[in-house]
Amino acid sequence: MIFSILFWTVSAFYFVTIRYFGLGEFAPPDLDYANVATYAASVGFSIGLLFGLVPLTSAVWFKRRQSFTSVILIGTCCYVAFFAAVIFIASAIGNSMKFASSYLFSPDGLIVIFHLTTSSALYHFILQINKKFGPGVLSEYTMGKYFAPKEEVRAFMFLDLKSSTHLAETLEHVTYSKLIQDCYAELTDPLIDHFAHVYQYVGDEVVVSWTMNQSFSANHCINFFYAFQQRLEGKKKYFLKRYGVFPEFKAGTHCGKVTVAEVGEIKTEIAYHGDVLNTASRIQSLCNQFDRKLLISETLLNHLAETHHRSIAFVAEVALRGKESATKVFAAERLDSTSSTSLP
């Protein structure tokens with residue numbers, strides 16, 4: 001929403017500025033730049049608010065995932081068609097349809113359409129780049145937030161497909177990859193609803209992360225996992241019909257202090273380092289041993305609302321490889337639907 005408003009406001013302001021000063025001595029004497037700029041800002045704000053609330057591309061239903069270029073082209077075409085319709089209708093008000101058509105294809109009209117086309121293409125390009133990096137990561141790269149290593153307190157969940165080796169051997173490689181794609185497509189809504197971010201996809205495993213601020217609760221982690229499970233269960237018939245199997249996942253969660261840094265030269269990424277990730281991964285590896293879907297550490301349990309401790313069962317105190325002291329591990333069951341609190 002904020003990005004959409006800022007982008008279209010700047011785009012409108014840029015356009016009128018170029019047009020105004022481009023007129024030079026031909027500019028009408030009664031044309032005041034301050035009034036034009038204010039009008040442009042209000043129009044840009046309105047467009048940004050509209051597209052932030054109701055993206056036009058959301059009206060287009062894609063049965064299959066589209067390529068990077070296709071999404072940009074389709075999105076740009078939808079937006080340009082919308083702008084052309086608005087310009088035509090606005091020109092027709094108080095005038096004839098012929099006048100509206102003439103203006104739309106006049107030099108002035110085509111200049112406006114050209115600017116809106118390039119702005120729309122850039123808008124969708126940035127959205128797709130942001131989608132590839134993950135929400136908020138592009139701005140972090142741009143601002144150089146992690147150019148120098150920083151410490152943060154975060155929670156991590158290692159989410160892994162159960163019996164992945166058997167499934168990979170049973171299904172063909174391409175079919176298995178399509179299964180993984182279909183599974184992770186169901187992560188979208190749980191990620192948004194429970195304030196989670198994907199850190200990495202590693203084969204058939206995904207690492208999910210939460211920022212631990214004052215409003216953080218372990219409820220978000222637990223509810224995220226079971227929301228994802230519910231999404232998969234809702235498409236059980238689809239998975240059985242297409243793949244002959246129903247995918248099940250297991251997860252391990254831990255939290256604590258990590259170091260964040262931008263790493264790499266030819267290919268860069270924002271990486272998290274620390275014992276927290278190793279511990280979360282090893283807790284996840286215990287799921288099969290204890291026949292549990294979701295295991296959490298005692299550290300994460302301390303961030304769970306006490307009213308939901310009844311949904312937690314002590315499993316074992318285990319010595320994880322690489323750690324001097326034993327770690328208490330708990331099984332987390334589905335919490336009440338009202339247990340999720342909002343983060344700012």
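To keep things clear, this report deals only with the structure shown in the data block. Computed from a predicted model, the values in this text were never measured in an experiment.

Looking at the overall build of the protein chain
- Of the regular secondary structure elements, the protein chain holds 14 helices and 8 strands.
- Per-residue burial for the protein chain yields a buried fraction of 41% across its 344 residues.
- Taking the intrachain contacts of the protein chain between residues at least 6 apart in sequence as the baseline, contacts between residues at least 24 apart amount to 70%.
- A total of about 19,700 Å² of accessible surface is found on the protein chain, and carbon and sulfur atoms cover 60% of it.

So, the nonpolar core
- Ranked by size, the top nonpolar core spans 42 residues in total, and within it M157, L159, L179, W210 and L294 carry the most contacts.
- In terms of residue count, helix α10 (residues 218-234) provides more of this core than any other element does, 8 residues in total.
- Among residues more than four places away in sequence, those in contact with M157 are V206, V207, V208, W210, C221, F224, F225, A251, G252, T253 and L294.
- Ranked by size, the runner-up nonpolar core spans 14 residues in total, among them Y199, V260, V276 and L277.

Comments concerning the pairing of strand β5 (residues 269-273)
- Relative to β5, strand β4 (residues 249-263) runs antiparallel, the two sharing 5 bridges. Paired with V260 across the two strands is Y272, which belongs to β5.
- The hairpin formed by β4 and β5 contains 5 residues between the paired strands, and G264 there has a positive phi angle of roughly 95°.

Calculation criteria
- Residues numbered from 1 in each chain as written.
- Predicted model: local features only at pLDDT ≥ 70, side-chain atom pairs only at ≥ 80, totals over all residues.
- Heavy atoms only, no water.
- Helix = DSSP H or I, 4+ residues; strand = E, 2+ residues; numbered from the N terminus.
- Buried < 20%, exposed > 50% of the residue type's maximum accessible area, 1.4 Å probe, protein only.
- Contact = heavy atoms within 4.5 Å.
- Areas by Shrake-Rupley, 256 points an atom, 1.4 Å probe, with all protein chains shown as cover.
- Core = buried A, V, L, I, M, F, W, Y, C linked by side-chain atoms within 4.5 Å.
- Pairing = 2+ DSSP bridges.

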